[in-house]
Amino acid sequence: MIQFFQVTKRYPGGQIALERVSFDIPRGQFVFLTGASGSGKTSLLRLIFRADVPTEGQILVNGRNVSSIPLQKIPYLRRSIGVVFQDFRLIPRKTVFENVTYLPRILGTDLSSRKKMAYQALRRVGLAHRLNAFPLELSGGEQQRVAIARALINEPEILIADEPTGNLDPDLSWEILRLFLEVNLRGTTVLLATHDRDMIHRVGRRVLTLEAGRLSSDQELPGTEPPRLDEPASERGPELDFEPDVPPEFEGPGFEEPE
Amino acid sequence: MSFLQAVIYFFREALVNLARGWKVSLVAVLTIAVSLFVGGAFLVVSGNLLASVERWRGEMRLVIYLQPDTPDAVVRTLAAEARGGPGIASVEMVSAETARRRFQEAFPSLSDLVEGLGDEPLPPSLEIALSDPARRPPELGPWLDAWRRRAEVSMVDDDREWLGQLETVVAVLRAVGLALGLGLMAAALFTIGSVIRLTAYLHSDEISILRLVGATEFYIRGPFYAEGFLQGLLGGLLATGALWGGSTFLRLRSPEALLTQVLAAEPLTVAQVAALIGLGAAAGLAGAISSLRREQLTVTEEPAG
């Protein structure tokens, strides 16, 4: 699914972000990417969705060589990859609905379908009731869940997260992590960058460790207390339903697409 | 997303942006309106002046004044000779007596003035009509110069000379208007470009997200192009409205005044209106395209981890 072959990334100033990094993440795997600040985690993630190009080496995403994709084709690559950042990157002047439905709107999806998609994505992160709220009316954890809903709305094959719990307290971090694990259970390949080693050891899974731009280890951890995913997240509601019917209030006049 | 859907989306977003930043947008709209108004006003004025020149050309006179004491027989001989000149349709002999009578009819209050002078005070003349006043044969000029040098001739009065000077003035006026209009248009393009760049900067967070989720450059830039187009269109409409309002006001207020005849005798034609509005819209679009081409709308993100 994601393959790095001897990838080196050198920035114009001469700073080496990654050096001869190679790994292979198969479809459907959940992988932690860890390392100290400045170890190259963000640089590595940016190469996957072609925000940057490697100086040397090859990167294959879903069998396609990312470095050689023409500029005009990059948007199509990105539509198959959901990305979540530490700082949420929500647009404060747009409602939750608008923030979540950027991609369906780009694709020309009609309003009715966008409503259903937004509802389903927000339901998965337990925020279906905050559809018309603005980001600044939400807590940090809620904002991150909206960002995750935005990344998930088109059912991407790959979900990339760069320190998604970096701005959250431990309890909220755990909730967010559960969401990523649930997404992975549905078949999405997840690559989550974090420097929270405690979280990694509790959850387990495959862990790639970067040190000064080099891949220092690639190991499978068993996990000391992996979360029980059959229990619903506290804020989601009584039941986790991945294919919910849209309630009538989402079809009525009270739900208008904001300008 | 179909092309039509995209265009509708672009214009909807552009209208929202215009409404949100209406003060800044107003500056851009007014700048382009002023440039089009000035350029358009020069165009209209020079057009009206040229129309007046054409009208006057039809009424143009060519008169050869003879010496006061020229005998009638000589006048007749000279008239016969003049009839053979290039492009001449007819020659009317005006004797000194006829000239005096015309003067008295034209200026009755000054009638006594010429009566008291004894001999005929006004010279006989030859009034020449050209077969096509708008297109003089090239030989006419040398032919008139030859007449000027003759002893029997005191003066050759050719309206064409001052009409030619007027045509030069109109040409200069038109060139000045064009230069001024182009200069102002360049300023308008710069202003629109700056406004679009500012809007793009204010939306850089959204552009970053759009790029992240897979929006194409066409989709990202479309709303900004539409915004520039709308600013130019509004500027063109304002300029056209002001020109139309100004000329209508002049025609209603004093339709016979020379100023009205020169500045606003003819209203703006549909083609001129369409050209001004189209030029405004095109300028707005060009300003937006050039500003975003330089800007490239690049969202840089420093590597952190």
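**Some remarks on the confidence of the model for chain B**
Residues and elements named next belong to chain B.
Phase 1 of the analysis: Confidence in the prediction for chain B averages 82 pLDDT; 94% of positions are at 70 or higher.
Phase 2 of the analysis: The least confident element of chain B is helix α5 (residues 111-115), whose mean pLDDT is 72; the most confident is strand β1 (residues 62-66), at 90.
Phase 3 of the analysis: Counted against residues more than four places away or in other chains, residues 298-304, with its pLDDT under 50, gives nine contacts.
Phase 4 of the analysis: What the predictor reports for the complex is a pTM of 0.66 with an ipTM of 0.78.

**Some details on the environment of P54 of chain A**
Residues and elements named next belong to chain A.
Phase 1 of the analysis: Inspection of the secondary structure puts P54 in the loop between α1 (41-48) and β4 (56-61).
Phase 2 of the analysis: The class of P54 is buried, set by 22 C-beta atoms lying within 10 Å.
Phase 3 of the analysis: For the pair formed by P54 and Y11, sequence separation is 43 residues and the distance between their alpha carbons is 9.6 Å.
Phase 4 of the analysis: If sequence neighbours within four positions are ignored, P54 has contacts with V7, T8, K9, L47, I59 and S67.

**Here's the deal with the packing of helix α7 (residues 159-202) of chain B against helix α9 (residues 217-253) of chain B**
Residue and element names in this part refer to chain B.
Phase 1 of the analysis: Relative orientation of the contacting elements α7 and α9 amounts to 140 degrees, with a least axis distance of 10 Å. Our pair here, α7 against α9, has a crossing hand that is right-handed. For the pair α7 and α9, contact is made by A188, I192, I196, T199 and A200 and by F224, E227, G228, Q231, G232 and G235, respectively.
Phase 2 of the analysis: Residues that form the contact of α7 with α9 fall into these classes: five nonpolar, five polar and one charged.

**Remarks on the interface of chain A and chain B**
Frequently, the measure chosen for interface size is the accessible area removed from exposure when the parts meet.
Phase 1 of the analysis: Opposite the 24 residues of chain A that make contact, chain B presents 19 residues.
Phase 2 of the analysis: Of all the secondary structure elements, the ones that give two or more residues to the side of chain A that touches chain B are α1, α2 (74-78) and α4 (102-106) of chain A.
Phase 3 of the analysis: Split by residue class, the side of chain A that touches chain B holds eleven nonpolar, six polar and seven charged.

**Some thoughts on the sheet that holds strand β4 (residues 153-158) of chain B**
All names here are of chain B.
Phase 1 of the analysis: Strand order in the open sheet made by the four strands is β2-β3-β1-β4, with antiparallel pairing throughout. Each edge of the open sheet is held by one strand with a lone partner, namely β2 (88-94) and β4. Each adjacent strand pair in this sheet contributes to an overall mean axis angle of 15 degrees, direction not counted.
Phase 2 of the analysis: With four bridges connecting them, β1 and strand β3 (residues 125-130) associate as antiparallel partners. In the sheet register, Y65 faces β3, and the bridge partner there is S125.

Definitions and cut-offs
Residues numbered from 1 in each chain as written. Chains lettered and ligands numbered in written order. Predicted model: local features only at pLDDT ≥ 70, side-chain atom pairs only at ≥ 80, totals over all residues. pLDDT = per-residue confidence, 0-100. Helix = DSSP H or I, 4+ residues; strand = E, 2+ residues; numbered from the N terminus. Contact = placed C-beta atoms within 7 Å. Buried ≥ 20, exposed ≤ 12 C-beta atoms within 10 Å, placed from the backbone. Axes fitted to C-alpha atoms, helices over the stretch in contact; angles between N-to-C directions. Left-handed = near helix turned anticlockwise from the far one by under 90°. Nonpolar A, V, L, I, M, F, W, Y, C, P; charged D, E, K, R; others polar. Pairing = 2+ DSSP bridges.

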